[in-house]
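# Working through the structure, step by step
So the chains spell out like this:
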Amino acid sequence: MKKIEAIIKPFKLDEVKEALQEIGLQGITVTEVKGFGRQKGHTELYRGAEYVVDFLPKVKIEFVCSADIVERAIDIILNTARTGRIGDGKIFVIPVENAIRIRTGENGVEAL
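Residues numbered from 1 in each chain as written. Predicted model: local features only at pLDDT ≥ 70, side-chain atom pairs only at ≥ 80, totals over all residues. Heavy atoms only, no water.

### Description of the overall build of the chain
Summing up its helical and strand segments, the chain has 2 helices and 6 strands in all. In the chain, the order of α-helices and β-strands from amino to carboxyl end is β-α-β-β-β-β-α-β. Across the 112 residues in the chain, those meeting the buried criterion constitute 32%. Taken as a whole, the chain presents about 7,700 Å² of accessible surface, with 51% of it coming from carbon and sulfur. Mean positive and mean negative side-chain charge positions of the chain (17 and 17 charges, respectively) differ by 4 Å. (Helix = DSSP H or I, 4+ residues; strand = E, 2+ residues; numbered from the N terminus. Buried < 20%, exposed > 50% of the residue type's maximum accessible area, 1.4 Å probe, protein only. Areas by Shrake-Rupley, 256 points an atom, 1.4 Å probe, with all protein chains shown as cover. Lys, Arg positive; Asp, Glu negative; His and termini not counted. Charge placed at Lys NZ, Arg CZ, Asp CG, Glu CD.)

Right, dumping it as structure tokens:
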């Protein structure tokens, strides 16, 4: 099993979620986050005063899936979240030792 964490632009969330559901992904966790990378933020104007926005709004999606669909899930995120502009985000793949469903006590892939 692998945990996939992806930081994407907020307006791409619905498209990514629907595409992941099409390959049979059961559920994802979504968190609204702020951050910056190479994009480094931008300058905005508010009531005539300029100010720097260092942390940009992003969405972090997280899910654990079986090893056999990891590559498909990554491809889906890459293809649906990509705009071609700076700030598209990142994908992290993390090994998961075990998963346990609290309600039933199921272990491993069955718990997903």
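### Let's talk about the nonpolar core
Grouped together as the largest cluster of nonpolar side chains are 19 residues, with contacts concentrated most on Ile-4, Leu-20, Ile-61, Phe-63 and Ile-77. Of all the secondary-structure elements, those providing two or more residues to this core are strand 1 (2-8), helix 1 (13-22), strand 5 (56-65) and helix 2 (70-81). For Ile-4, the contacting residues outside a window of four places in its chain are Ile-61, Glu-62, Phe-63, Cys-65, Val-70, Ala-73, Ile-74, Ile-77, Ile-91, Phe-92 and Val-93. (Core = buried A, V, L, I, M, F, W, Y, C linked by side-chain atoms within 4.5 Å. Contact = heavy atoms within 4.5 Å.)

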